[in-house]
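Each chain, written out:
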Amino acid sequence: MSVPALPPVAAFARLLPAADPAGTAALAARSLAGGLLPVGVMLATGALVDGVIRDLTGPAHGGTGGPGGPGGLPGLPGLLGAAGGALLALGALLLALQVAVPLLDAGVERLAHRVDVLLRDRLLTAVLTPPTIAHLEDPGLADELAMAGTVGTEKVQTPRALAALAGVAAARLLAVGAAVTLAVFAWWAPLPLIAAWTLSNVSYRQGVERLITSMEAATPGFRRARYLGEMALDGAAAKEVRLFGLGPWLAERLAAHWRAGTEQAWRRNPAQQALFAVSAAALAAAHVGVCALVALAAARGDIGLGEVTVYLQAVMGMAGFGWDPDAHYLVRLGVAPVPHTLRVAEAARGRRFALPGADRPPPGLRHGLELRAVTFGYPGADRPVLRGLDLRVPAGRSLAVVGENGCGKTTLLKLLCRFYDPGEGAVLADGTDLRDLDPAAWQRGIGAVFQDFGRYALPLRDNVAFGSPAHRADEAALARAAERAGLRDVLDGLPGGWDAVLSREFEGGVEPSGGQWQRIALARALLAVHGGARLLLLDEPTSGLDVRAEAAFYDRFLELTRGLTTVVVSHRFATVRRADHIVVLAGGRVSEQGSHAELVAAGGRYAEMFEAQAAPFREAGRA
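Residues numbered from 1 in each chain as written. Predicted model: local features only at pLDDT ≥ 70, side-chain atom pairs only at ≥ 80, totals over all residues. Heavy atoms only, no water.

- Per an unreviewed UniProt entry, the protein chain goes by ATP-binding cassette domain-containing protein and derives from Bailinhaonella thermotolerans.
- Its UniProt record, at the heading Subcellular location (unreviewed entry), says of the protein chain: "Cell membrane". (UniProt positions renumbered as here; feature names shortened; annotations may be inferred.)

Structural data, given as structure tokens:
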């Protein structure tokens with residue numbers, strides 16, 4: 001994964017016109033107004049002082065402040081007029097400064113929100129576009145996602161960062177104007193101040209960069225700390241946290257991860273502290289020296305009071321070359337997610353997470369699926385999960401997959417969904433390698449219930465309609481999917497019906513039980529079938545159901561899967577035995593296969609597992 005060549009602030013700046021051209025213009029205008037108008041105020045103040053002196057003393061006493069005065073600003077009072085004209089000019093500049101900046105702030109605020117939207121959009125596009133899920137299970141990219149995901153949060157507030165960026169730009173412009181003004185006094189006078197402020201800028205920037213870089217490097221630890229914090233606040237874990245007395249353990253581990261992450265960031269750095277001290281001494285010496293020279297010139301009569309006023313303001317204005325801790329920190333913090341967002345987007349577009357394929361539409365599964373000599377291992381794993389797996393799934397038939405934990409059952413489903421491609425061998429649909437098909441189009445033809453199915457804090461209608469969004473308003477299709485999934489009693493018990501929000505975090509919302517959530521997920525998959533899915537995948541479809549609901553599912557299993565190519569993974573043999581064909585996975589390969597009766601008669605591993613599950617029920621029946 002290559003790193004963008006541009007530094008964070010430059011990369012951030014390049015995004016601004018794409019987010020909002022008008023807002024970018026407002027940001028530029030605000031920076032110009034904030035930088036150039038104060039220079040005008042500085043000159044007008046000097047002119048006002050000179051004008052007042054001239055009006056009080058008359059031309060005979062005007063001395064050094066007027067046009068052509070020795071060492072003075074050429075024509076300053078003459079340019080702006082006497083005290084009245086200078087006062088009017090100063091008032092106009094101050095009014096413009098007070099009016100222009102707030103007016104432009106509205107455009108900058110709008111720009112900030114559109115930048116947030118743009119970055120979020122690029123991040124979501126990068127995350128959601130690849131048909132594979134490998135990028136979501138990659139530890140390195142997870143850290144990038146964690147840092148990119150801070151856009152628009154309390155931690156990273158783009159409006160404050162943009163306001164700070166405008167302030168920094170204005171301060172730089174003011175410093176340039178102040179340096180030019182001070183050069184009128186003596187061409188070399190700005191140089192020691194520029195050097196001192198630049199040294200100060202470098203020292204502070206290094207410190208802040210070191211702080212932020214250290215905290216980014218500690219992202220894995222911070223992610224663990226955030227997870228532990230979420231455990232403490234999460235209602236799902238609240239019961240076990242209390243029953244097992246995990247509170248002190250959580251607090252200790254959370255604190256330990258945070259301390260480990262911040263220790264490097266806040267560790268004392270003698271070289272950095274020495275640079276701070278040198279820059280502070282240089283600033284003091286430069287200011288004392290230049291101000292002393294201005295005072296000496298005034299004492300000799302080389303410059304007047306108006307010029308003294310202007311030059312001393314110019315000395316102060318050159319602080320814009322330095323480091324504003326608050327503004328620069330807000331800018332650096334605000335732009336910090338940008339490189340990570342760009343790297344995530346680049347990774348998602350790269351070959352590492354790309355799946356081959358063309359615009360070729362998937363077949364209709366008239367013949368079925370075949371896994372031919374498939375070997376697959378997850379990136380970073382030391383051994384493959386599947387090894388030379390050969391398997392056929394005839395079209396319109398149901399296949400059950402059983403085996404010990406870790407034998408590759410769920411991995412098999414991921415390959416059928418084409419979340420991954422096999423390292424060796426091929427997955428074929430009607431004889432066509434899935435790698436020759438459009439991945440997204442293939443996935444649209446699958447209905448699935450995974451062990452970790454989605455529980456969306458949205459209305460029941462959306463939770464089911466996600467299976468086929470085109471049928472969201474099709475009440476008959478929704479009702480049929482709910483009926484087939486055994487969801488009718490849940491639907492009838494919800495006060496809002498299909499529009500009930502499934503989360504107590506929202507007013508009027510409800511929280512379904514684990515079994516109810518599983519039936520909702522099943523209804524979603526069945527609606528996908530109604531919408532045209534040709535393949536149904538069920539991963540432990542009854543694990544969250546009570547005995548009655550499980551029995552009802554068993555009774556409906558043949559009806560649900562009749563004529564539909566189905567692969568079911570389950571430890572429940574009451575479900576497995578109803579499948580047309582059963583395979584047992586062991587060591588990443590098929591160790592046994594056949595019908596339920598054939599496998600029990602063979603007396604192999606399947607028969608042992610079935611007997612272990614059936615024996616307690618027989619004993620209970622005898623009792």
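Continuing now.
### Focus: the UniProt feature "transmembrane region" (unreviewed entry) in the protein chain
Okay, so step 1: Mapped onto this numbering, the UniProt entry gives "transmembrane region" (unreviewed entry) at residues 79–104, 162–189 and 274–299.
Okay, so step 2: A distance of 33 Å separates the end C-alpha atoms of residues 162–189, which is 86% helix and 0% strand.
Okay, so step 3: For the annotated span residues 274–299, helix accounts for 100% and strand for 0% of the residues, and the straight-line distance between the end C-alpha atoms is 37 Å. (Helix = DSSP H or I, 4+ residues; strand = E, 2+ residues; numbered from the N terminus.)

### With respect to the sheet that holds strand β4 (residues 424–429)
Okay, so step 1: Strand order in the open sheet formed by four strands is β2-β1-β4-β5, and the pairing between neighbours is antiparallel. Two strands in the sheet have a free side with no partner beyond their single neighbour: β2 (386–394) and β5 (432–433).
Okay, so step 2: In this sheet, β2 lies alongside strand β1 (residues 368–376) in antiparallel orientation, the contact comprising six bridges. Bridge pairing in β2 places Leu-371 opposite Leu-391.
Okay, so step 3: Lying on the sheet, helix α15 (residues 409–416) is in contact with β1, β2 and β4; it crosses β1 at an angle near 120 degrees. (Pairing = 2+ DSSP bridges. Contact = heavy atoms within 4.5 Å. Axes fitted to C-alpha atoms, helices over the stretch in contact; angles between N-to-C directions.)

### What to know about the packing of aromatic side chains
Okay, so step 1: On inspection of all chains with the given rule, the structure shows eight aromatic pairs.
Okay, so step 2: Ring geometry for Phe-376 against Tyr-420: centres 5.2 Å apart, planes inclined by 55 degrees, an arrangement best described as tilted. Of this pair, Phe-376 sits in strand β1 while Tyr-420 sits in the loop between α15 and β4, placing them 44 residues apart in sequence.
Okay, so step 3: Under the relative-accessibility criterion, Tyr-420 is labelled buried at 8%. (Phe/Tyr/Trp six-rings, centres within 6.5 Å; stacked < 30°, edge-to-face > 60°. Buried < 20%, exposed > 50% of the residue type's maximum accessible area, 1.4 Å probe, protein only.)

### As for the sheet that holds strand β3 (residues 398–403)
Okay, so step 1: Read across the open sheet, the six strands follow the order β6-β7-β8-β3-β9-β10; overall the sheet is mixed. Both outer strands of the open sheet, β6 (446–449) and β10 (589–594), are each paired with one neighbouring strand and no more. When the angles between neighbouring strand axes are averaged without regard to direction, this sheet yields 20 degrees.
Okay, so step 2: With four bridges joining them, β6 and strand β7 (residues 535–539) adopt parallel strand pairing. Looking at β7, one finds that Ala-448 is bridged to Leu-537.
Okay, so step 3: Its contacts with the sheet place helix α20 (residues 514–530) against β6 and β7, and it is angled at close to 170 degrees to β6.

### A few points about the pattern of salt bridges
Okay, so step 1: Here the structure, examined in full by the defined rule, presents 15 salt bridges.
Okay, so step 2: A salt bridge links Arg-488 to Glu-483; its shortest N-O distance comes to 3.5 Å.
Okay, so step 3: In this structure Arg-488 comes out as partly exposed when scored by relative accessible area, which is 28%.
Okay, so step 4: Residue classification places Glu-483 among the partly exposed residues on the basis of a relative accessible area of 48%.
Okay, so step 5: In this structure, the salt-bridge partner of Arg-519 is Asp-489, at a minimum N-O distance of 3.4 Å. Here the residue Arg-519 occupies a position in helix α20, and Asp-489 occupies one in helix α19 (residues 488–493), the gap between them amounting to 30 residues. (Salt bridge = Lys/Arg side-chain N within 4 Å of Asp/Glu carboxyl O.)

### Regarding the nonpolar core
Okay, so step 1: Leu-460, Val-464, Leu-487, Leu-538 and Tyr-606 are the most contacted members of the largest nonpolar core, which has 47 residues in total.
Okay, so step 2: Broken down by element, this core gets its largest block of residues, 10 residues, from α20.
Okay, so step 3: Those residues in contact with Leu-538, other than ones at most four positions away along the chain, are Leu-413, Val-449, Leu-522, Phe-553, Phe-557, Thr-566, Val-567, Val-568 and Val-569.
Okay, so step 4: Formed by 34 residues, the second largest nonpolar core is a distinct cluster that contains Leu-365, Val-401, Cys-417 and Ala-429. (Core = buried A, V, L, I, M, F, W, Y, C linked by side-chain atoms within 4.5 Å.)

### Remarks on the packing of helix α13 (residues 325–335) against helix α14 (residues 337–349)
Okay, so step 1: The contact between α13 and α14 brings their axes to 5 Å, and the two run at 10 degrees. Taken as axis vectors, α13 and α14 run roughly parallel relative to one another. Along its contact with α13, which presents Leu-333, Gly-334 and Val-335, the element α14 presents Pro-337, Val-338 and Pro-339. (Parallel < 35°, antiparallel > 145°, perpendicular 65-115°, else oblique.)

### With respect to the packing of helix α1 (residues 8–19) against α13
Okay, so step 1: Where α1 meets α13, the closest approach of the two axes is 9 Å, and the angle between their N-to-C directions is 70 degrees. Comparing the axis directions of α1 and α13 gives the class roughly perpendicular. In this structure, α1 meets α13 at a crossing whose hand is left-handed. Only Val-331, Arg-332 and Val-335 of α13 make contact with α1, whose side of the interface consists of Pro-8, Val-9 and Phe-12.
Okay, so step 2: Class assignment of the residues belonging to the contact of α1 with α13 gives a composition of five nonpolar, no polar and one charged. (Left-handed = near helix turned anticlockwise from the far one by under 90°. Nonpolar A, V, L, I, M, F, W, Y, C, P; charged D, E, K, R; others polar.)

### Quick notes on the environment of Leu-415
Okay, so step 1: Mapping Leu-415 onto the fold places it in helix α15.
Okay, so step 2: In this structure the C-alpha to C-alpha distance between Leu-415 and Ala-426, which are 11 residues apart in sequence, comes to 9.8 Å.

### Let's talk about the environment of His-135
Okay, so step 1: Residue position: His-135 is located in the loop between α4 (83–128) and α5 (139–148).
Okay, so step 2: His-135 sits in the buried class, given a relative accessible area of 2%.
Okay, so step 3: In the structure, His-135 is positioned 10 residues away from Leu-145 in sequence and 9.9 Å away in space, judged by C-alpha atoms.

### Focus: unusual backbone geometry
Okay, so step 1: Even without glycine at this site, Arg-418 takes up a positive phi of about 60 degrees.
Okay, so step 2: Counting through the fold element by element, Arg-418 comes out in the loop between α15 and β4.
Okay, so step 3: A relative accessible area of 0% places Arg-418 in the buried class.
Okay, so step 4: The residue Asp-430 is not glycine, and still its phi comes out positive at about 50 degrees.

### Brief notes about a nonpolar patch on the surface
Okay, so step 1: A contiguous nonpolar patch, built from Trp-187, Trp-188, Leu-191, Leu-293 and Leu-296 and spanning about 530 Å² of accessible area, is present on the exposed surface.
Okay, so step 2: Relative to the helices and strands, Leu-293 resides in helix α11 (residues 270–299). (Patch = residues over 30% accessible without salt bridge, like charges linked within 9 Å, V, L, I, M, F, W, Y side chains within 5 Å. Areas by Shrake-Rupley, 256 points an atom, 1.4 Å probe, with all protein chains shown as cover.)

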